Amino acid sequence: MPLPFDSLSHGRIAFGFFNIKTDLMLLENYFFFAEDFCKAISDMAKEGPYYIKRDFEVHEIEDPSQIGDLMAAIHGISFRGFIGRLYTIFPFPSDPQDFKQDPEGFKNRGIVQDLLSAHATRRSIPFEVDPASKTIRLGRYLFDSSQFGELLRYVWEGGYPRWKGGIRPEYVLQMARATQESKNPLILWFSI
């Protein structure tokens, strides 16, 4: 489930997984795959301690009514918007013990992309690491390294409810290795 996280630019924002059968994540109204996010972090972590800017692909849903209502979809009350439609394909488990983030959720990417393309606009946003200001920017959202580290910790843990069986996808393990070895002071590994 997405959780509230602090940002420098927008105060508290929503970030995280929102369906256990996919690795799609949201950052407010940006939607992107965890695999892509982790790869971007891994690539940037390998760079030196200087300014880095990359383009990062997201799907943006500009109209909040098209996003849907996560809690209503989980409880089977309403399936409107993108999130509601996703829950008609991958419903919330009937047994609460099955509520764990699937480490193979990336295998459903094709299904999710088709659905997402009907609700969102695909765009590139800047992903920047700026040692001069000691900040990390993802599109319109600005973080200090501690705040951004909390986003990485969330992905490492598998969000809430955690990775199923404690098994992390390989792309998460690669991100962890790259950040542990990073020479960039803003992309630091967090304590596990």
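Check the entry above for the structure.
Bear in mind that the values here come from a model prediction, so they are computed numbers and not experimental data. (Residues numbered from 1 in each chain as written. Predicted model: local features only at pLDDT ≥ 70, side-chain atom pairs only at ≥ 80, totals over all residues. Heavy atoms only, no water.)

Draft legend 1. Quick peek at the packing of helix α5 (residues 145-157) against helix α6 (residues 170-180). For the pair α5 and α6, the least separation of the axes is 10 Å and the interaxial angle reads 140°. On the basis of the axis angle, α5 is oblique to α6. The interaxial crossing formed by α5 with α6 has left-handed handedness. Residue-level contacts link L152, V155 and W156 of α5 to V172, L173, M175, A176 and T179 of α6. Along the lines of polarity and charge, the residues of the contact of α5 with α6 split into seven nonpolar, one polar and no charged. (Axes fitted to C-alpha atoms, helices over the stretch in contact; angles between N-to-C directions. Helix = DSSP H or I, 4+ residues; strand = E, 2+ residues; numbered from the N terminus. Parallel < 35°, antiparallel > 145°, perpendicular 65-115°, else oblique. Left-handed = near helix turned anticlockwise from the far one by under 90°. Contact = heavy atoms within 4.5 Å. Nonpolar A, V, L, I, M, F, W, Y, C, P; charged D, E, K, R; others polar.)

Draft legend 2. How the structure looks around the sheet that holds strand β4 (residues 30-33). Taking strand neighbours across the sheet as the criterion, the eight strands line up as β1-β2-β3-β4-β5-β6-β7-β8 in an open arrangement whose pairing is antiparallel. Across the chains shown, the open sheet's two edge strands, defined by having one partner strand only, are β1 (3-7) and β8 (141-144). Each adjacent strand pair in this sheet contributes to an overall mean axis angle of 30°, direction not counted. For β1 and strand β2 (residues 11-17), the ladder comprises five bridges, and the chain directions are antiparallel. Note that in β2 the partner of S7 across the bridge is G11. Across the face of the sheet, helix α1 (residues 34-45) comes into contact with β2, β3 (24-27), β4, β5 (52-60), β6 (121-130) and β7 (135-138) while running at roughly 80° to β4. (Pairing = 2+ DSSP bridges.)

Draft legend 3. Just the environment of R12, in detail. Inspection of the secondary structure puts R12 in strand β2. Judged by its relative accessible area of 55%, R12 is exposed. For R12 and V112, which are 100 residues apart along the polypeptide, the C-alpha to C-alpha distance reads 27 Å. Among residues more than four places away in sequence, those in contact with R12 are P4, F5, D6 and E28. Of the polar contacts made by the side chain of R12, one reaches the side chain of D6; its length is 3.1 Å. (Buried < 20%, exposed > 50% of the residue type's maximum accessible area, 1.4 Å probe, protein only. Polar contact = N/O pair within 3.5 Å; in protein donor to acceptor, adjacent residues only side chain to side chain.)

Draft legend 4. Structural detail: α6. Within the span of α6, buried status applies to Y171, V172, M175, A176, A178 and T179. Burial along α6 is one-sided: seen end-on, the buried residues are contained in an arc of 165°. Where α6 is buried, its residues contact α1 and α5. (Arc of directions from axis to C-beta.)

Draft legend 5. Local environment of the side chain of N108. Looking at the element boundaries, N108 is found in the loop between α3 (81-89) and α4 (109-117). Residues in contact with N108, not counting those within four places in the same chain, are K21 and F90.

Draft legend 6. Spotlight on the environment of V129. Relative to the elements of secondary structure, V129 occurs in strand β6. For V129, a relative accessible area of 1% corresponds to the buried category. Between the alpha carbons of V129 and T88 there is a distance of 38 Å; along the sequence they are 41 residues apart. Leaving out residues up to four positions away in the same chain, V129 has contacts with M44, Y50, Y51, I52, T135, I136, N184, L186 and I187.

Draft legend 7. Region of the structure containing the layout of surface pockets. By volume, the largest pocket amounts to about 210 Å³. In this structure, the largest pocket is lined by 14 residues; those nearest its centre are S42, D43, K46, Q174 and A178. Broken down by secondary-structure element, the contributors of at least two residues to the lining of the largest pocket are α1 and α6. A total of six residues in the lining of the largest pocket trace back to one element, the largest contributor, which is α1. Of the residues assigned to the lining of the largest pocket, the class counts are four nonpolar, two polar and eight charged. (1 Å grid on protein atoms, 1.4 Å probe; cavity = no way out; pocket = protein on both sides within 12 Å on 5 of 7 lines; lining within 4 Å. Points joined across faces, edges and corners; volume = space filled by probe spheres on them.)

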